[in-house]
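# Examining the three-dimensional arrangement
Listed here are the chains, written in short residue letters.
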Amino acid sequence: MSTIKEVFEAGKGILQLTPTWVPRGFNEPGHRLRLHPDDYYAFGMDRGGICERWLGSINRALNGPKTGETEGMSYVLVNKETKEKVLFKDFIDELGADLIGDTLMEKYGTWPVFAKLYDYDKPLFHHLHLKEKMANRIGMHGKPESYYFPPQYNAPYLGRFPLTYFGFDPSTTKEEVMDCLRNYDVKDNRITELSRAYRIKLGTGWYTPAGVIHAPASVVTFEPQWNSDVNTIMENVTMGEVNPHNLLTDCAPEEEKDDLEAIFNQIDWEESTRADYKETYFREPKIKSSTNEAVEKWFAYANDYVAAKEVTVLPGQTYTLTDQSAYGLVVTQGHGFFGDFECEAPGLLHFDDISGDEFFISEKAAKAGIVVKNTSTYEPLVLLQNYANNNPEVPAEK
């Protein structure tokens, strides 16, 4: 029997994953990812600071020419004593439907989503992610995504600008946006003057379709998303930081890199200017169940791509968590047991440390139910789960 199958069977369909840190050459780390202060530049000063942790990822980061071969890709812990680990993608490739279920395997041939925790001290630039057809032209996938703002990671500090810009004000004209693109290499184009900003409410979320321009807030965000890392940045100066020209053109085909109209056409204009944007895409949590042992709340739902849920197991309680599809999971608060695995939210991690807060659960194990035990007398045990688009229990409407 292969190591992969041995680990899968020993965990009864649960895999323990190790932290996957991702640096970025823009913005600044917010220092809220529970990573040791000495380790935020562990990839090298020329790579920028670590601003993201990717969860259950088989996707390689789009981080320029120095990107490592497996940068952004998750690993499964196969031996605690030796800290040996194997790529999560290798588990999916070998186990297939036994891990992710028949539906996803037949439709996509792989696990099509992942999640991340991102942590920027400043707001991100006004940018968009390509829609599927446009992304396919450069050999990538589109990137619809959801956001959730976990209080556990944001309680100490909300960053320098805890507001998110979504789209453009409905009164905005296409020519006004084209002027911003023409000025990208000339002067501060102030493109967010054409947008609308919303103050972030912790414990809630948003859904952002591919093609919608947006500038996320400086709060730690849990982001379930499609398997992609494509961005077109249309804001050239963000809180004094100049965004180089290549960020505008990196995800355009070679023949369109000098064509501003073609770059403009990456915008989903109808979605980016809709008057009911908040009404349509803001997500208050929806309670799935509430008992004396635990509360389950959906916070990513009502879309065709991703879903996510928060589970809070109350102090001293044991709860059987049952789901209808495979999922990734991260612990944001507390400690206890998840199945046979000890689990805990980290206090402080070094770059190469193993953690007990990240897992992946097979479809069969999810359906059978995982026994979750909160061993604390005082604190809740809080879990965030992220799914693909095949869970029939996800609310289809707001």
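In what follows, the accompanying structure is described.

Calculation criteria
- Residues numbered from 1 in each chain as written.
- Predicted model: local features only at pLDDT ≥ 70, side-chain atom pairs only at ≥ 80, totals over all residues.
- Heavy atoms only, no water.
- Helix = DSSP H or I, 4+ residues; strand = E, 2+ residues; numbered from the N terminus.
- Rg over C-alpha atoms; globule rule 2.2 N^0.38 Å.
- Buried < 20%, exposed > 50% of the residue type's maximum accessible area, 1.4 Å probe, protein only.
- Contact = heavy atoms within 4.5 Å.
- Areas by Shrake-Rupley, 256 points an atom, 1.4 Å probe, with all protein chains shown as cover.
- Lys, Arg positive; Asp, Glu negative; His and termini not counted.
- Charge placed at Lys NZ, Arg CZ, Asp CG, Glu CD.
- Core = buried A, V, L, I, M, F, W, Y, C linked by side-chain atoms within 4.5 Å.
- Pairing = 2+ DSSP bridges.
- Axes fitted to C-alpha atoms, helices over the stretch in contact; angles between N-to-C directions.
- Phe/Tyr/Trp six-rings, centres within 6.5 Å; stacked < 30°, edge-to-face > 60°.
- Lys NZ or Arg CZ within 6 Å of the ring centre and 35° of its normal.

### Observations concerning the overall build of the chain
- Each helix and strand counted, the chain has 12 helices and 27 strands in total.
- Here the chain has a C-alpha radius of gyration of 21 Å; the compact-globule value for 398 residues is 21 Å, and the two agree.
- Looking at the chain residue by residue over its 398 residues, the buried ones come to 60%.
- Sequence-distant contacts in the chain: of pairs separated by 6 or more residues, those separated by 24 or more amount to 77%.
- Carbon and sulfur atoms form 48% of the exposed surface of the chain, whose accessible area is close to 16,300 Å².
- Mean positive and mean negative side-chain charge positions of the chain (40 and 61 charges, respectively) differ by 3 Å.

### Overview of the nonpolar core
- The biggest cluster of nonpolar side chains holds 42 residues, and the ones touching the most others in it are Phe168, Val177, Trp206, Met234 and Ile267.
- Those elements that place two or more of their residues in this core are helix H7 (174-182), strand S11 (205-208), helix H8 (246-249), helix H9 (260-264) and helix H11 (277-281).
- Tallying contributions element by element places H7 first for this core, with 4 residues.
- If we skip the residues at most four places from it in the chain, phenylalanine 168 touches His126, Val177, Ile191, Leu194, Ser195, Arg196, Ile213, Ile267, Trp269, Ser272 and Thr273.
- Core analysis: the next-biggest nonpolar cluster, separate from the first, contains 26 residues, Ile14, Leu329, Val331 and Val372 among them.

### Quick look at the sheet that holds strand S25 (residues 358-361)
- With antiparallel pairing, 9 strands are arranged side by side in an open sheet as S5-S4-S1-S25-S22-S27-S20-S19-S18. In this open sheet, the two edge strands, each paired with only one partner strand, are strand S5 (84-87) and strand S18 (286-290). Within this sheet the neighbouring strands show an average axis-to-axis angle of 30°, counted without direction.
- Bridge count for S18 against strand S19 (residues 294-300) is 4 bridges, and the pairing is antiparallel. Bridge assignment links lysine 286 to a residue of S19, and that residue is tryptophan 298.
- Its contacts with the sheet put helix H1 (residues 3-10) on strand S1 (14-18), strand S4 (75-79) and S5, and the angle it makes with S4 is roughly 85°.
- Helix H2 (residues 88-95) rests against S1, S4, S5 and S25 of the sheet, and its axis sits at about 60° to S5.

### Considering the sheet that holds strand S2 (residues 20-24)
- Pairing within the open sheet is antiparallel, and its 7 strands lie in the order S2-S3-S6-S13-S8-S11-S17. Every other strand in the sheet has two partners, leaving S2 and strand S17 (282-283) as the edge strands with one partner each.
- One ladder, built from 2 bridges, connects S11 with S17; its direction is antiparallel. Residue pairing in the sheet places tryptophan 206 in a bridge with phenylalanine 282 of S17.

### Thoughts on the pairing of S2
- A large share of S2 lies buried, amounting to 5 of its 5 residues.
- Burial of S2 is two-sided: the residues Thr20, Val22 and Arg24 facing one way and the residues Trp21 and Pro23 facing the other way are all buried.
- Alignment of S2 against strand S3 (residues 49-55), held across 5 bridges, turns out to be antiparallel. Counterpart to valine 22 in the pairing with S3 is glutamate 52.

### What about the packing of aromatic side chains?
- Considering all chains together, one arrives at 27 aromatic pairs under this definition.
- Both rings, one in tyrosine 118 and one in tyrosine 120, keep their centres 5.9 Å apart while their planes meet at 55°; by these two values the pair is tilted. Each member of the pair, tyrosine 118 as well as tyrosine 120, is classed as buried.
- Centre to centre, the rings of tryptophan 206 and phenylalanine 282 are 5.2 Å apart; their planes meet at 65°, and the pair counts as edge-to-face. Of this pair, tryptophan 206 sits in strand S11 while phenylalanine 282 sits in strand S17; the two residues are 76 residues apart in sequence, bridging distant segments of the chain.
- Connected via pairs of aromatic rings, a cluster forms that spans Tyr147, Phe166, Tyr198, Trp206, Tyr207, Tyr277, Tyr281 and Phe282.
- One Lys or Arg, arginine 53, reaches over the ring of tryptophan 21 and ends 5.6 Å from the middle of that ring.
- Its end group placed over the ring of tyrosine 301, arginine 283 keeps NZ or CZ at 5.4 Å from the ring centre.

The values reported here are purely geometric and, on their own, carry no functional implication.
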